Structure formats: structure tokens, C-alpha cells
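Letter by letter, the chains look like this.
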Amino acid sequence: MLRFRGRHIKSTLSTKLFHRQRFESRPQLSACRALSVSATRLTERNGSKCQDRTVPTEADVVVIGGGMVGCSTTYHLAKMTGGHIVQLERDKLTSGTTWHTAGLLWRLRPHDTEIEIIQHTRELMTKVLHEETGLETGWVPTGGMFIAANKERLDEYQIMSTLGEAFGIESQVLGPEDSRKVHPLLNTSDLYGTLYSPLDGTIDPSGACTTLTRAAAKYGAKTIEHCQVIDIETGEDAMGTRRVQSVNTNLGKIKTNIVVNCTGVWAPAIGKMVGVKVPQVAYKHAYVVTEAIEGIKTCPNVRDHDGSVYLKRQGDTIQVGGYEPNPIPWEKVESNFAFGLFDLDWDVFGQHLEAACRRIPSIEQTGIRSTVCGPESFTADGYPLLGEAPELRGFYHGSAFNSGGMMMGGGAGKQLAHWIIDGRPQIDMFSMDIRRFPTNLHNEKTWLTERSHETYAKHYSIAFHHDQPLAGRNQRYDPLHEELLNRGCFYEERHGWERPAYFTRTSSPSLAMKSYDYYGHYGHSKHDNFEYSEQLKRDYTFEFPGEVHKQLGRESLTCRTSGAIFNTSYMGKIFLSGANASRVARRIFSRDVTRRQDKCTYTLMLNEHGGIEADLVVATLKDLNENPVYYLTVGGATTEYCKFHIRKIMQDDGFECDFEDKTDEMGIISVQGINSRRLLRFIMDDDPSVVDGMKFSTWRNITISGKPAILMRLSFVGELGFELHCSNEHLLAIYQKLREKSESLGFCDSGYRAMESLSTEIGFHHWPHSIRSDDSPFESSLSHLCDLDDKESVFVGKKALLAKREKPLTKKLATFTIDDETPLFGHEAIWRNGVVVGYVRSATYAFALGKGIAFGYVTRPEGGVVDDAYIMSGDYAIKRMGVSHKAQVHMSSPFDPKFRRMMGKYEERQIEDLRVLMKQKYE
């Protein structure tokens, strides 16, 4: 029961009535209404050049939207190019979603990309913009505190704090008593601990947008308010590629080839003008501002994730907001809602006020000064939508920041500017790239509605490494889905695909997904006896996940000692054919696959800067007329990304060839292990000598029970292995034929969790983790995959690599192992001789090695050359959750560094040792 100045409040309904009485009895502008007025006055006082409403006839780039992201993008484009950049705002700067934002900036995040772009925002607000304009940005240094009510939550904070060390972010993990010293108003009776980041703060929307616009004007950009975009014209070039041509406004037409859509919740409406889907959903997001509270002026902002509430210091008041499990969607986004607000639904919001009173009891004795409920955009995975649209060249996304636009907007605007100018961002942005989603999911309303709700509802949930969504499932799956489910398969979702994660020891269909229950809200009944959800909770730990870990050990070591069958149909499958296919192949692949007939070639695709856009396998096939056909298998989550990369090169170079995505029409079964050749001999219709005589990286056409398939001798786990590629109509029959003989040879079904462990253990890469678009082949020791010395090679990125070859490296990939029985997940800090030199990109437990293994890039904090000698001469530690673990460094994996097993060369003693290990630890 809450007490407000002597009144007892027994329900959220009476709370609602109480606050309505207080608010109506004292008419005043809400805090955000006042902000919008102050924004206008500040604009006028600072002389921001937004008053000229003359529309130019042409521009290099047109940025639509006058919020934080639009202003930042305009500023960075103008500063970097000095070109003709035009920003259009249909009302006034900050209108829409920016003006009512809380403006919180938390430097510590669970992902390196988020940290980097937030760091740049903070640098703009605290230093750069003031130096360039002489104006105040509205930055308020408050500090930030994360509240943990249990060990798991504090573990999550320890992970973020440790990653922050790699980026120079100061933070402290405090106990309840020390937390109270930093924030004297906190109730610490139920605290497990806190994470305190003293240099966090808040950003004033009007100050930020004003200074960004003023600085942009200094570099030649023009911002036009009260300018409405009516239409965007497109056309086709000689290649038949759709491109942006102009922007039509109420003030005139602007000829341009590049448009950036930074219009917040209105982004889908802008996209609709040109037939581009913008997969985001608008929700009503609220906060309230209390009356003055004594002593709050020196306290840090607070995020109580377990209470699902944040508490922002705002002068001598507290702003209270959070993320409820039953947010209200804005079903029909109104076009004229520039500075509009919704009525606050206290039945929905009341839970946040109750949580706030528990955390800061003085709030209970305080009245509410104002309420704010405005629109915010959310996506299916909690990350924004950035980058060029695959459907339309020259149309860039810059929206859906999941209420984090202020803290991410500065850095996101910089990366968007690089994207437009250089063709790619400076840093890895795949987690925010629009191409992470298959285009068919953009049109799937049910998927987007369900997933965006779950994203909102779990916004403050603990970010366990192997967590899985319950919403939007079973969007894409292959013909083996039900068969493997009946064999105990636990599925994980990746960008719409259901792929096998691992197999439980119970063969039953009880792990099937159920329809999304919205966690029991909106009239839905919460599922009872939901076995998938219960099994998922076994992964809710930052330690080894018990029986799940044992199962991964069984699958991994069975693969190493006998064999395993993996369903890898989730992989992307792309065919290039036609008259210019070989010309295209020479441009997009770093190795000349056109000279490798009947071969399967592991190669790279690079960008113009020499960064790695993908690693993949290309099989050089032939059509019925003996013309070359190039068959690409790429990572399932990166298929859309790779397709756009290839098409972009074709379009820019003026090449035409047949380009077919057969991902949904074909399946792949990977048969790996010492007994893989024996198993294939049993099931093939062909002469067994076919498989006996196959060399590594070759392919053959075969039949199994009369079903045609392509057999490739390949391995992603470091074992003697083969892949069977076939039409989906034959996939189930071929799998069932394999299963008839596989158990007698010791095979098991296995999933991607074991595959990731096995591949990391052998030293293979995972894009975009151990290798990314901001890594060069030299830095990742993959330059042998690039035909640099072939004078006839013309692949994209070659020129940049030749220039890089002449310069010493300043970072380089290394492999680390730790002997402690400690889980590694990635993003741990790497220490060399007592100094932070990087962070772990990807990590896992290597079951055959019996220790944790990790990939990470080593740098010199002071700058300078990084080579093998420098790397190998240091003493290393991997710091995880605040604890340092002594690490051994290697230039390649210590497990089978010469890949003898993959060539079929096994040592019986090693096999027997691994069998003993499995029996002792995992049976």
C-alpha cells in the first residue's frame, strides 16, 4: 500500500484518481511541454539557422527528420564531406519522439557496438559540440547506478563492467552499504549489490539538437523546418536497379540520390512511399515527474532492472519510468502528432510507481508534478534499424531505437554518415543493420507484433547468453523439423529460422513451440506445462548450464570419437550462373574460384577497404551445357547481408548474371567424424569407391535410395566429414536412410551449440564475431585466402589489401585458453602484463581440450606494432565477471593445429582418451 502525503492508496485505480485530482487542481504545462517551449527559445537564442525555408533544387543527401538521429546524421555528413546536405523536419526540431525522451545515457552495455556508439554520443555532448559552437549541449553529469537484487543480476553487471574495462569505462561494483553512501535515498535492505558508473549522465533533447544543427550549419548543411515530405521519386537505371531520384515536399522538389529516413515512429510511412518495409512497432511509453525531493540533487540516476523501473534525477525531482509486460501499442500512427502526448493509463503504469517507492521510499511521501506518455518505436530484437535498404539503392534507415535514441543517436549518426560516404560503417554494425532480417520477415505482421512485444516486455530482463525468444517462432523451418523434434531436438531461433541447438536425452515431441501467449496479457492465457520454456530456463545461468552442458559434451565428444549428424539446412544457398557469372565471381571472391573446377573453395568476400564481409564456401559446378555455375553456402543469419553485398557489386560494376537464392528450397545434412566415410558407403547407391577417392574440398553427384544429392567433402568441425546437399523434397528420406545405419557406427544427432564448440576448438571462424567487416585478412591471419600476388585477380578490396600489406599491424587475432573450469561467452577483457589490450570476440568450452577457448584481437593501448612476437611474449589473463583467470596465448588452436583429423589421419590413442573423458565427465 502506497502513502502519498498522508493518503493511503490501495489500488492503481485510486492512484490514478489521486494524481488526476492533484494535476487538475494545479494547472500547469507538463515537463515535456515546457521542454518544447524551451527548445524553441533556445533555438532562437543560439541563433540556429533553421528559419530559411527555401528548398534547394538538389542535394547530395536529404535527411528526413529533426530528432536526435536526424540531427546527428546531418551534422556528421556535413562535417565529413562539406557537401550539400539538407535536413527536412515537418514541424520543429525535436518534435516527434525526441522532445519527450528521458535522455538517459548509460555507458555500460552488454555489447561492444552499443558501447562504441554511446561513447561517441557522450564525447559529442561533453566536448566536441561545445568546442565547435560555443553552445551548451544540455549534458548533465549525474552518474549512473544499476541495482541488483540477486546474484544473477549482479553477475550480468559484472560482465558489463568487465567489458567496459576494454573501452576505458570507469565503474565500481558496490555492496549495499557503499551503495547507500553514493545514493543516500536508496532502500538497500533487499540489495545484493550495485554497479556504479560515475561518468554517466543525461542529455537535454533541445540542447543536443540545437548544437548539432548549429554545428552542421557551420559545415554547410541546411535544416528546413515545417517542410513536409509528400513523396519520394525513384527510377530504374540501365541495370534495372531501383534508385532514389528526388524528394517532393510542400515547399518544392529536391533532386537527390540519397535519402536517410530518421523519422522515428513515422519511418514506416516514409518507407511506404517507396515500397520499403520498415519492421518496427510503435508503443505508448510513459514516465512521471515527482514534486521536489530533498537530497536528490547529488544522487546518480538509477536503473532497477529487477523492478523494471528507472529513476532519473531531474533537478530536485525524480523522473520515474520503466518497461511493463503489457505495453499499449499505438495501432494507428497519426501523421500530425508533432508534440502530442497520450493520456497516461495508470492501470498499466502503476506498477512502475510502486517499484519506485520500494527503491526510493521518499517518493511515497511526494506528489506527482507531471505525467508524460509518448510514442516510441521497438523492433523484433531490441536493436535499431540502420543501413541501406536492400529493396532500394540510396534509401537509408535510421530509426527504431527502442527508446535509446538519445544515447545512441550521436554515434549512430556518425556510422550512418560513414555508411553513405564510404560504403560501410567504421565499426561492425551488423547487429543493427537492416539486412540482419530476411526481407520476407519484414512483411510478416504476426512475427513483428509478437517479437516487438517480447522485446519491450523483456527490455530489463537479464541478458543470458543462450536466451531464446518465445514470440514469433516457427517462421522458417526445413522438412526435418518434426522428425528431429521427435528425436528430442531443442530448437533455437536465428533471424526467423528454427535450427537445432542440441538434443535432449528424451525422444519426444514435448519440446514443440506453442503459440505466443504474450506472457498472459491482452486476454491471453499463460501456457501451463510449457516444456520448451522450462528447458530454456536451464540455460538461465552464467555458469555451466548443468545437464545442458553435459549434453553438449556428449555431442561434441561423440563427434570426435565416432561421428555426428548435423542438420545445417539453415545455411544460405545462393547460385550464380549465366554469361557473366565468372566475371562476377572474380570480383566478389578473394580467391579465383573460376580456375577450381569440381572444387569447393573456402574464400572471403571483402569490402573496398579490405574488411571481411563474409567467409563462405563456393562450389564450382556446371550446368547441362557445361557452363560454370557457382554455388555459395553462407551463414544462415547473414544470407540477406551477403545477397545485398553481391548485388551491390554487380550493380555498381554493371555486371549482369543469374542470381538465385535457393535457401528455402534446399537442405544440407553434415556427416562428420572418423566413421563418416563408412556410413556413406552403406547408404549410397553409387560405387563406394566414389567416397573413398574423394579428396578434401571436392564434390560429386550421387544418389541415395534413388534421390539425387551433391556430396561435398568438407568440415566445419575439424573432422573427416562430408555434406549432403539436396532438394527439400528428398531431405527427409536421405536423413532417415542415414539414421538406419548411423547408430550402429556410434553416431549421434547434434546441433549448432556443439558445432560452435567444435569449430572454435579447431580454430575456425564465425562471422561476425571472430572476423567482421572491420577486420582485415592480415589482422585475422586469413591473407592466404586472398590472391594478392595474382596479377589477373580483380576482387573487391585487393587494392586496399595491397596498401595494408606494406604497413605494420596495430591489432591481430590470437587464441586463448584457460585451465579454470570457467565458462567463457565472449566480451571478456583481455589483459597482457597487467594492462587491458582487448576483449574476447567469441568463446566457448572446448570439450576435447577440457578448457575454455577464446578468440580476441590484441592491441597496444599506447598504439604501435602488434606482431606474433609481441603477442607471444606477454603474460595473459582473461577477466570474467571481475575475476582474472590466467590464460595461455596461441597463434592457432592447440587442438590439431595441422588439421590432420580433417584429412582422415587419426591417432587411436587420442580417440580412446577422448572416449574415457566422455565416460568420466559427461555420461
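Look above for the structure.
Quantities reported herein were computed from a predicted structural model and do not represent experimental measurements. (Residues numbered from 1 in each chain as written. Predicted model: local features only at pLDDT ≥ 70, side-chain atom pairs only at ≥ 80, totals over all residues. Heavy atoms only, no water.)

### Some points on the environment of His 466
Thinking step 1. Structurally, His 466 can be placed in the loop between α12 (445-457) and α13 (481-486).
Thinking step 2. Those residues in contact with His 466 that lie beyond four places of it in its chain are Leu 536, Asp 539, Arg 753 and Phe 825. (Helix = DSSP H or I, 4+ residues; strand = E, 2+ residues; numbered from the N terminus. Contact = heavy atoms within 4.5 Å.)

### Description of the packing of helix α15 (residues 546-561) against helix α21 (residues 752-762)
Thinking step 1. The geometry of α15 relative to α21 is characterised by a closest axis approach of 9 Å and an angle of 55° between their N-to-C directions. Accordingly, the angle class assigned to the pair α15 and α21 is oblique. Once α15 is placed against α21, the crossing between them reads as right-handed. In this structure, α15 uses Val 548, Leu 552, Glu 555, Ser 556, Cys 559 and Arg 560 to contact α21, whose residues at the interface are Arg 753, Ala 754, Ser 757, Leu 758, Glu 761 and Ile 762.
Thinking step 2. Class assignment for the residues of the contact of α15 with α21 results in 6 nonpolar, 2 polar and 4 charged. (Axes fitted to C-alpha atoms, helices over the stretch in contact; angles between N-to-C directions. Parallel < 35°, antiparallel > 145°, perpendicular 65-115°, else oblique. Left-handed = near helix turned anticlockwise from the far one by under 90°. Nonpolar A, V, L, I, M, F, W, Y, C, P; charged D, E, K, R; others polar.)

### Description of the sheet that holds strand β27 (residues 572-577)
Thinking step 1. Strand order in the open sheet formed by 5 strands is β28-β29-β30-β27-β31, with antiparallel pairing between adjacent strands. Each edge of the open sheet carries a strand with a single partner, namely β28 (600-606) and β31 (658-661). Each strand axis lies, on average, 30° off the axis of its neighbour in the sheet, ignoring direction.
Thinking step 2. For β27 and strand β30 (residues 628-634), the ladder comprises 5 bridges, and the chain directions are antiparallel. Within β30, the residue paired with Ile 574 across the bridge is Leu 632. (Pairing = 2+ DSSP bridges.)

### Details of the state of the cysteines
Thinking step 1. This model, assessed by the stated rule, comprises 0 disulfides.
Thinking step 2. With no disulfide of its own, Cys 262 lies 9.3 Å from the sulfur of Cys 71, the closest cysteine sulfur.
Thinking step 3. Classification of Cys 262 as buried rests on a relative accessible area of 8%.
Thinking step 4. Its sulfur unpaired, Cys 657 is 15 Å from the next cysteine sulfur, which belongs to Cys 642. (Disulfide = S-S within 2.5 Å. Buried < 20%, exposed > 50% of the residue type's maximum accessible area, 1.4 Å probe, protein only.)

### Brief notes about the nonpolar core
Thinking step 1. Counting 78 residues, the largest nonpolar core has Val 61, Tyr 75, Met 125, Val 260 and Leu 386 as the members making the most contacts within it.
Thinking step 2. Ranked by residues supplied to this core, first place goes to helix α10 (residues 405-422) with 8 residues.
Thinking step 3. The contacts of Val 61, once residues within four sequence positions are left out, are Leu 77, His 84, Ile 85, Val 86, Thr 256, Ile 258, Val 260 and Ile 420.
Thinking step 4. Grouped together as the second largest cluster of nonpolar side chains are 56 residues, Leu 484, Tyr 516, Tyr 518 and Leu 557 included. (Core = buried A, V, L, I, M, F, W, Y, C linked by side-chain atoms within 4.5 Å.)

### Comments concerning the packing of aromatic side chains
Thinking step 1. Tallied over the full model, the rule gives 37 aromatic pairs.
Thinking step 2. Ring centres of Phe 464 and Tyr 540 lie 5.0 Å apart, and the angle between their planes is 10°; on these two criteria the pair is classed as stacked. Here the residue Phe 464 occupies a position in the loop between α12 and α13, and Tyr 540 occupies one in the loop between α14 (531-536) and α15, the gap between them amounting to 76 residues.
Thinking step 3. Classification of Phe 464 as buried rests on a relative accessible area of 11%.
Thinking step 4. Between Phe 464 and Phe 542, the ring centres sit 5.0 Å apart and the planes meet at 35°, which makes this aromatic pair tilted. Of this pair, Phe 464 sits in the loop between α12 and α13 while Phe 542 sits in the loop between α14 and α15; the two residues are 78 residues apart in sequence, bridging distant segments of the chain. (Phe/Tyr/Trp six-rings, centres within 6.5 Å; stacked < 30°, edge-to-face > 60°.)

### What about unusual backbone geometry?
Thinking step 1. With omega at 10°, the peptide bond leading from Trp 767 into Pro 768 counts as cis.
Thinking step 2. Here Pro 768 shows up in the loop between α21 and α22 (798-805).
Thinking step 3. Phi at Ser 697 takes a positive value of approximately 65°, unusual for a residue other than glycine.
Thinking step 4. Structurally, Ser 697 can be placed in the loop between α19 (689-692) and β33 (699-704).

### Things to note about the environment of Trp 831
Thinking step 1. Note that Trp 831 resides in strand β38 (residues 829-832).
Thinking step 2. According to the relative accessible area criterion, Trp 831 is partly exposed, its value standing at 21%.
Thinking step 3. Between the C-alpha atom of Trp 831 and that of Lys 879, which follows or precedes it by 48 residues, the distance is 7.3 Å.
Thinking step 4. For Trp 831, the contacting residues outside a window of four places in its chain are Glu 165, Val 836, Val 837, Asp 875, Tyr 876, Ala 877 and Lys 879.

### A closer look at the sheet that holds strand β4 (residues 85-88)
Thinking step 1. Strands sit in the order β11-β4-β3-β15-β23-β22 across an open sheet of 6 strands; the sheet is mixed. Bordering the open sheet on either side are β11 (222-224) and β22 (385-388), each of which pairs with just one other strand. Looking at each pair of strands side by side, their axes are set apart by 20° on average, direction ignored.
Thinking step 2. Inspection of the sheet shows β4 paired to β11 by 3 bridges, in the parallel sense. Counterpart to Val 86 in the pairing with β11 is Lys 222.

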